Amino acid sequence: MSTKGKVHLPVGQEALEVKGWFGAHKYLVLRRISQAFFLFLFLMGPWFGIWWVKGNLAGSMTFNFLPLNDPLILGQMMAAGHWPETTALIGGLIVLVVYALIGGRVYCSWVCPINPVTDGAHWLHDKLNLQKGWQPKRSARYWILATVFLVSALTGTIAWEVVNPVTMVHRGLVFGMGFVWAMVAAVFVFDLIVARRGWCGHVCPVGAFYSLVGTKSLLRISAVKRDDCDDCMDCYAVCPENQVISPALKGKADVTPLILSPDCTNCGRCIDVCAMDVFRFTHRFDARVEAPSDAVSNPESPNRNAA
Amino acid sequence: MATAAKPKHIDRRRFMTDSARMAAGCAVAGSLLAYVAREAKALPDQAIRPPGALDEDAFLAACVRCGLCVRDCPYDTLVLADLGQDGPATGTPYFTARDVPCEMCDDIPCVLACPTGALDKGLTDIEDAQMGTAVLVDQENCLNYLGLRCDVCYRVCPMIDEAITLDLIHNARSGHHAIFAPIVHADACTGCGICEKKCVLPEPAIKVLPVRLARGAPGEHYRLGWEEKDAKGAPVVEGIIDLPDRLPGPGTDNLAAPGGYIEGLVDGLPSTPEGAFEGGFDPVFKLPEVTR
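What counts and how
All residue numbers refer to positions counted from 1 along the written sequence of the respective chain. Going through the entries in the order they are written, you letter the chains from A and number the ligands from 1. Totals for whole chains, interfaces and linings use all residues, but because this is a predicted model, local features are given only for residues with pLDDT of at least 70 and pairs of side-chain atoms are given and counted only at 80 or more. In computing side-chain values, all of the structure's heavy atoms are included and hydrogens and water are not. Type-normalised accessible area, obtained with a 1.4 Å probe on protein chains alone, sets the label of each residue: buried when under 20%, exposed when over 50%, and partly exposed for intermediate values. Numbering of helices and strands runs from the N terminus; a helix is a DSSP stretch of H or I covering at least four residues, while a strand is a stretch of E covering at least two. For this analysis, residues touch if any pair of their heavy atoms sits within 4.5 Å. Where each domain starts and ends comes from a domain assignment, either automatic or drawn from a database. Once two parts are joined, some of their accessible surface, as seen by a 1.4 Å probe, is lost; buried area is that loss totalled over both. For salt bridges, the criterion is a side-chain nitrogen of Lys or Arg within 4 Å of an Asp or Glu carboxyl oxygen. The definition of a polar contact used here is a pair of N or O atoms within 3.5 Å, where within protein one atom must be able to donate a hydrogen and the other to accept one, and adjacent residues in sequence count solely through side-chain atom pairs. UniProt positions are given in the numbering used here, feature names are shortened, and annotations may be inferred rather than shown by experiment. In short, DSSP must find at least two bridges between two strands for them to pair. Orientation is described by lines fitted to C-alpha atoms, with helices fitted over the stretch in contact, and by angles between N-to-C directions that extend from 0 to 180 degrees. Orientation is classified from the angle alone, with under 35 degrees giving roughly parallel, over 145 giving roughly antiparallel, 65 to 115 giving roughly perpendicular, and any other angle giving oblique. Residue classes follow a fixed rule: Ala, Val, Leu, Ile, Met, Phe, Trp, Tyr, Cys and Pro count as nonpolar, while Asp, Glu, Lys and Arg count as charged, and any other residue, Gly among them, counts as polar.

Here the focus is helix α10 (residues 205-213) of chain A. Residues and elements named next belong to chain A. Of all the 9 residues making up α10, 8 are buried; the element is thus mostly covered by neighbouring parts of the structure. When α10 is considered as a whole, its buried residues turn out to be P205, V206, G207, A208, F209, Y210, S211 and V213. Looking at the buried residues of α10, the elements they touch are α2 (71-80), α3 (86-102), α4 (106-111), α6 (140-155) and α9 (198-203).

Below you can see the structure in the form of structure tokens.
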């Protein structure tokens, strides 16, 4: 991307000029608000004594009525040989159904407390213009997920919870942070130096699990106006899972413009940085492609030539 | 799409090597994870699990570390273990008796709060809890064992006279005092830790330990002869020779012949008239009478 001799514009520069700062950061801001909101729900108790929500991301109780439980942890629990009580089963089922509908990895980009950490690492990674480093296959996380279940079964423990930075950090924030900062720092350094977008994009089995949960989710991003694409590559640069874009954006006329890969986190950053407003949120049955708003604007697009 | 044109075996070979690489990587990472997970099973001595907690192995399979038990504990007894400290598995609930002991709530809110059953809802009477067992670990510094009347552990015990009793022992130092020894009865002890909390010493002489540390276990095949005999109502082995038993009291002549002595007659020694012991011996040599 930073080939010598070419102008290296920051990602989203064009969108920034066209849509203004908020227009080009809308979903980023919304996501940060969402992440803060879900964290705040849990912090209201310990900070202000308002116990609407008790517990943490592994398991919680809202208004002493609504149980929510992490289904991945329950899965490991069953692998370890313990059948949870009804409360946890109901809580896990609710979470499963919700994420199955809105997209499993919505958890990753809108709720997970590690997301700002890895986003921060990536931001700095970009600033420092570092090498992308170790890039294990995207499928590595599924292998890790399988390993986690296997180890849970073999050791009779909820194995991933021994090291899981996601629940560890959340628990640390809600119940008091001690050595957990080291975990945050480790993930940050891993993403910054060892592997670009390494944790969320290649390693984390929690994300892999929620990918599987959201395989058939309704809420999807579609490259509705893909014919307007001017090949600026900003969406690829900003997307944490940019392998999901091509099939939709560069697909031939008979290929759906929907980003159907379960890896997509529905973070909406592609919508933000696109000056041409190619992408938008929609549902998985909405496969329409809009005609280019200005057919002459980029007649050289290989996409259309192929079509 | 371009790969479809390649010969198939290349794809297969690549798939195999990729898979092998992943499997090897996961084997290494998984072994590490298993090691860490197993390490976490070693519950440290001073960490006591909440009431109703399954035994440590089962507990680590069931506890999701959500902290709902901690939130519903009205005395802030329970805390979640922090990472990297010399505590129990990260994020799991425990308490340190010397800091805040369990106050043994009647409704056991921590157990009710647990969504997974890591704290067993079968525990409905807090007096049946077995969080740990109190052990008088230091008889040399225990004030009662020194012959003083501290009695604090005994008096603060919610299960007074059941979990802790004061048993009288002869004080050999003074020769004529009693030691009121605090004796823990593990069956009744809930492990609440109030005795440890209240022990007046700078470092408590009585401590609550996880049951596995606090208790021994009899051999499975062990039978206590006297209990078996009581249960049977007759000697366990027919025709066994029963030697005379020496009974309390002065002199050398207070022996009870096989068959024992008549109950009630032993009280009031030494004024018991001679021959009161059924089948007692009549010694040839008699000690001079003690005049009081």
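Alright, that's what it looks like, and here's the rest.
This next bit is on the domain arrangement of chain A. Residue and element names in this part refer to chain A. Each assigned domain of chain A is listed with its residue range as follows: domain 1 (3-27 + 218-306) and domain 2 (52-213). Spacing between the C-alpha centres of domain 1 and domain 2 amounts to 28 Å. Summed over both partners, the interface of domain 1 with domain 2 comes to about 1,200 Å²; 42% of that surface belongs to carbon and sulfur atoms. Together, P240, E241 and T265 form the three largest contributors to the area buried by domain 1 at its contact with domain 2, with a combined 31%. Across the contact surface, domain 1 and domain 2 share 4 salt bridges. In this structure, D263 and R141 form a salt bridge, with 3.5 Å as the shortest nitrogen-oxygen distance. Seen at the junction of domain 1 and domain 2, the total is 15 residue pairs in polar contact (both at pLDDT 80 or more).

Turning to the UniProt feature "transmembrane region" (unreviewed entry) in chain A, a few remarks are in order. Residue and element names in this part refer to chain A. Annotation from UniProt places "transmembrane region" (unreviewed entry) at residues 36-53, 73-102, 142-160 and 172-194. From the first C-alpha to the last, residues 73-102 spans 20 Å; its make-up is 83% helix and 0% strand. Taken end to end, residues 142-160 is 74% helix and 0% strand, and its first and last C-alpha atoms sit 14 Å apart.

This next bit is on the environment of G132 of chain B. Tracing the chain through its elements places G132 of chain B in the loop between α4 (109-113) and β3 (133-136). Sequence separation between G132 of chain B and L143 of chain B is 11 residues; the distance between their C-alpha atoms is 23 Å.

All names here are of chain A. Spatially, the 3 strands line up as an open sheet ordered β1-β2-β3, and their pairing is antiparallel. Strands with a single pairing partner mark the edges of an open sheet, and in this sheet they are β1 (53-56) and β3 (66-69). Across the sheet, the mean angle from the axis of one strand to that of its neighbour is 10°, orientation sign disregarded. Inspection of the sheet shows β1 paired to strand β2 (residues 59-62) by 4 bridges, in the antiparallel sense. Paired with V53 across the bridge in β2 is T62. Strands β1 and β2 of the sheet are contacted by helix α1 (residues 13-48), whose axis makes an angle of about 110° with β1. In this fold α3 packs onto β2 and β3, with an angle of close to 75° to the strand it touches most, β3.

Residues and elements named next belong to chain B. Annotation of chain B at the domain level lists domain 1 (46-131) and domain 2 (132-215). Centre-to-centre, using C-alpha coordinates, domain 1 lies 24 Å away from domain 2. In this complex, domain 1 contributes 16 residues to the contact, which on the side of domain 2 involves 25 residues. Taken as a group, Q46, R98 and Q130 account for 40% of the area that domain 1 buries against domain 2, more than any other trio of residues on that side. Counting the contacts that link domain 1 with domain 2 gives 0 salt bridges.

With that out of the way, let us pick up the packing of α2 of chain A against α3 of chain A. Residues and elements named next belong to chain A. Where α2 contacts α3, the two axes come as close as 9 Å, and the packing angle between them is 130°. In terms of their interaxial angle, α2 and α3 are classed as oblique. Contact residues: P71, L74 and M78 in α2; A88, L89, G92, V95 and L96 in α3. Tallied by class, residues from the contact of α2 with α3 come to 7 nonpolar, 1 polar and no charged.

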